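Breakdown of the fold
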Amino acid sequence: MEKLNHIQGMIVAIPVNDIDTDQIIPARFLKVTDKAGLGKAAFCDWRYQDDGVTPNPDFVLNKSEYQGASVLIAGNNFGCGSSREHAPWALIGAGFKGVISTEFADIFRNNALKNGLLPIEVDAETQEQLVSLADEDPSTTVRVDVERQTLTLPDGRDVKFPLDGFSKYCLLNGVDQLGYLLNLHDDVRDFEAQNPQRVRTTA
Amino acid sequence: MTANGKPRTLFEKVWNAHTVRDQSEDTPAVLYIDLHLVHEVTSPQAFSMLRDRGLAVRRPDLTIGTMDHSTPTTPRNTLGVIPIADSMAAKQLDTFTQNCDDFGIPMYALGDEHQGIVHVIGPEKGLTQPGMTIVCGDSHTSTHGAFGALAFGIGTSEVGHVLATQTLLQNKPKTMAVNVEGKLGDGVTAKDIILAIIARIGIGGGTGHVFEYRGDAIRGLSMEGRMTVCNMSIEGGARAGMVAPDDTTFEYMNGRQHAPSGADWDAALARWRQLPTDAGAAFDQEITLRADELIPMITYGTNPGMGMPIDAAVPAPVDEPDVNRRVALDKALSYMDLQPGQQLLGKPIDVVFIGSCTNSRISDLRQAAAFIQGRKVADSVRMMVVPGSQQVKKQAEDEGLHEIFRAAGAEWREAGCSMCIAMNGDQLQPGQYAVSTSNRNFEGRQGKGGRTFLASPLTAAASAIAGAVSDPRTILSSAN
Ligand code: SF4
């Protein structure tokens, strides 16, 4: 994973509540065996017309003025539904580095952080303000500081967002969490010595 | 209880028994995983990561694979083989076979007599046991909580973590007691309980929490009913839902392939009986529902929280005070092409799907078959019955249920996820309406442009016969 300390980027808003992972990437794209190229499938059923190829001109991600946006503003409870990590892979593939919402579904938050996509949880007022800003002026940018856990709005106001210490350490240092777990090898061996296994699938 | 006598919840007991390291200010807890279930869709990138880093699977003997999501459910050909028409699905299934072979993981391949939906085969084979930690790259892993296991879905990176280390980094969730008191009426099922809970708390209501389902209505459910309830915990936002093990649990488990036997069984029983929440243990939140006030439930919108009693009218966006929810409801009704105030009862439908890890077990099929016996599926309706596993399929066929479904005009399919996720060609056409026993009614979930009403197997069967959304209680009472 690459280090992530700052995000400076244009915003785009999809102010819909409860955007589930089936909308972020429909299941028919899950037949892949790698992570490459999923950006094209992000929000596919909203982005394209019924034929699946003609862009839907009304959908915000298709509008020329929002091309290059790297921070997505979404409605409440973003990323609910299926546990597919293809959702953050698709968002990253589509150029996003952070998502702003008032609440994230648990599994999505975990998956996003493991891939360096930052879930930025803010209060409803900030979220609404950003939605209007993105609407009024597509060139609006925000700045995110991971170390300080702040989102800086165009008016200079800093908004704090929660981030657990461990994920923050991993983001800032580009460390993936598996390395940490592998180092606990001895503890795991001790645990196994004290706790008999419950089933043996190979039996 | 702990040494100092502080009463603990079922969740806390299982959690505490599995922490290799406790949570600290700097790091989440490290949780040991007793059983890891893997399927073809969320695992390939995890296996690639293992290869890239030169890692082995630490405990293949605590890992099991099955094919379910992208597998076709079309009937076998004359050679007894289930043909795979989709080349991408075929490649994904081949990759899975290769990965399981290379890393020594036992796996049930398409067509194997034990293959099936991952959350159906775990319990069926006795692998799912009280007090265990169970994970899978699949959000409906919550199903296994019906046995008093702590079971939850993980992402693909985490699948890699568990494969390599048998552990996971986890922040300790909060707990919510979900009490369901009283007795269910005729025609009202476990599915209606969970749909009512989600309609009440909303799809984000349980975020950050583990549910414990309690109360006499839960105690009165069969294991399969409890699995239906726990299955949809994630639709309420909770990663896991649990039911304390009791005699119903033990009776279900006794004699299953991987369940302990002989002296081990007695020792396990003694352990399992310690698991239920101690009197006086505290939950972070608590809600209570009256089972006797429930009637069959159905969803009208595009998330599982948009549900209502089957005889109610579709709510109107103008009555919704919260602006975001108003917009969401408006968007949902427009996708579903429904009017505010409209009754769903009598709404013509095109498809009925009985299947998925929510409602594809033998008792679900028996209920639907008993209802359908001697009746006909309406001409305008395609009804698909997809057993959850090859074992369920075999048992249903031994009982003659497949003949009942076929005689009524329904399709009897091979085991798999099928139209629950529409990855395998089983899908709705744009604009079609379906009554489905599955768990998600998101836009396009059952096929692009398809519209889903989630309901119980009884409601699904009643609707198939009527050709329109129907209350199973009306037919039940006219038959009595
Ligand atoms: S049946 Fe549906 S919900 Fe269950 S595991 Fe399969 S796709 Fe997921």
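These remarks concern the structure in this document. Keep in mind that what you see is a predicted model, and the values were worked out from it rather than measured.

We now examine the site of the ligand. Residues and elements named next belong to chain B. Around the ligand sit His69, Ile117, His119, Asp138, His140, Ser356, Cys357, Cys417, Cys420, Ile421, Asn439 and Arg445, and that is every residue in its neighbourhood. Because more than half of its atoms lie within 2 Å of the grid, the ligand is assigned to the largest cavity. Residue classes in the shell around the ligand are distributed as five nonpolar, five polar and two charged.

By the definition in use, this model includes 35 salt bridges over all chains. A salt bridge links Lys31 of chain A to Asp86 of chain B; the shortest N-O distance between them is 2.5 Å. One end of the pair, Lys31 of chain A, is in the loop between helix 1 (21-24) and helix 2 (44-47); the other, Asp86 of chain B, is in the loop between strand 4 (63-66) and helix 3 (87-103), on a second chain. Owing to a relative accessible area of 11%, Lys31 of chain A belongs among the buried residues under this scheme.

So, on to the packing of aromatic side chains. Summed over all chains, the structure comprises 16 aromatic pairs over all chains. Consider the rings of Phe78 of chain A and Phe108 of chain A, whose centres lie 5.1 Å apart with planes at 85 degrees: the pair is edge-to-face. Residue Phe78 of chain A is found in the loop between strand 2 (71-74) and helix 3 (86-93), and its partner Phe108 of chain A is found in helix 4 (residues 106-114); the two are separated by 30 residues along the sequence. For Phe78 of chain A, a relative accessible area of 0% puts it in the buried group. Ring plane angle 65 degrees and centroid distance 5.4 Å describe the contact between Phe147 of chain B and Tyr252 of chain B, whose orientation is recorded as edge-to-face.

This part covers the sheet that holds strand 1 (residues 19-21) of chain B. Read from one edge of the open sheet, three strands run 1-2-8 (chain B), paired in antiparallel fashion. The sheet is open, and its two borders are formed by strand 1 and strand 8 (167-170) of chain B, each paired with just one other strand. For this sheet, the mean angle separating the axes of adjacent strands, direction not counted, is 40 degrees. Bridging between strand 1 of chain B and strand 2 (residues 29-32) of chain B involves two bridges; their strand directions are antiparallel. Paired with Thr19 of chain B across the strands is Leu31 of chain B, a residue of strand 2 of chain B. Contacting strand 1, strand 2 and strand 8 of chain B, helix 8 (residues 185-194) of chain A crosses the sheet at an angle of about 145 degrees to strand 1 of chain B.

A word on the packing of helix 6 (residues 190-201) of chain B against helix 8 (residues 223-231) of chain B. All names here are of chain B. Viewed as axis vectors pointing N to C, helix 6 and helix 8 meet at an angle of 20 degrees, and their least axial separation amounts to 8 Å. Classified by the angle between their axes, helix 6 and helix 8 sit roughly parallel to one another. Judged by the twist between their axes, the crossing of helix 6 over helix 8 is right-handed. Of helix 8, the residues touching helix 6 (which contributes Ala190, Lys191 and Ile194) are Gly225, Thr228 and Val229. Per-class residue counts for the contact of helix 6 with helix 8 are three nonpolar, two polar and one charged.

A few words now on empty space enclosed by the protein. The tally for this structure, following the rule as stated, stands at five cavities of 30 Å³ or more. The computed volume of the largest cavity comes to approximately 200 Å³. Lining the largest cavity are 22 residues; nearest its centre among them are His69, Asp138, His140, Ile421 and Arg445 of chain B. The calculated volume of the second largest cavity comes to roughly 150 Å³. Every residue lining the second largest cavity is counted, 14 residues in all, and those nearest its centre are Val16, Asn17 and Asp18 of chain A together with Thr302 and Glu443 of chain B. Sorting elements by how many residues they give to the lining of the second largest cavity places helix 11 (residues 323-336) of chain B first, with three residues.

Reading the values: the criteria
- Residues numbered from 1 in each chain as written.
- Chains lettered and ligands numbered in written order.
- Predicted model: local features only at pLDDT ≥ 70, side-chain atom pairs only at ≥ 80, totals over all residues.
- Heavy atoms only, no water.
- Near = heavy atom within 4 Å.
- 1 Å grid on protein atoms, 1.4 Å probe; cavity = no way out; pocket = protein on both sides within 12 Å on 5 of 7 lines; lining within 4 Å.
- Sits in = over half its atoms within 2 Å of the grid points.
- Nonpolar A, V, L, I, M, F, W, Y, C, P; charged D, E, K, R; others polar.
- Salt bridge = Lys/Arg side-chain N within 4 Å of Asp/Glu carboxyl O.
- Helix = DSSP H or I, 4+ residues; strand = E, 2+ residues; numbered from the N terminus.
- Buried < 20%, exposed > 50% of the residue type's maximum accessible area, 1.4 Å probe, protein only.
- Phe/Tyr/Trp six-rings, centres within 6.5 Å; stacked < 30°, edge-to-face > 60°.
- Pairing = 2+ DSSP bridges.
- Axes fitted to C-alpha atoms, helices over the stretch in contact; angles between N-to-C directions.
- Contact = heavy atoms within 4.5 Å.
- Parallel < 35°, antiparallel > 145°, perpendicular 65-115°, else oblique.
- Left-handed = near helix turned anticlockwise from the far one by under 90°.
- Points joined across faces, edges and corners; volume = space filled by probe spheres on them.

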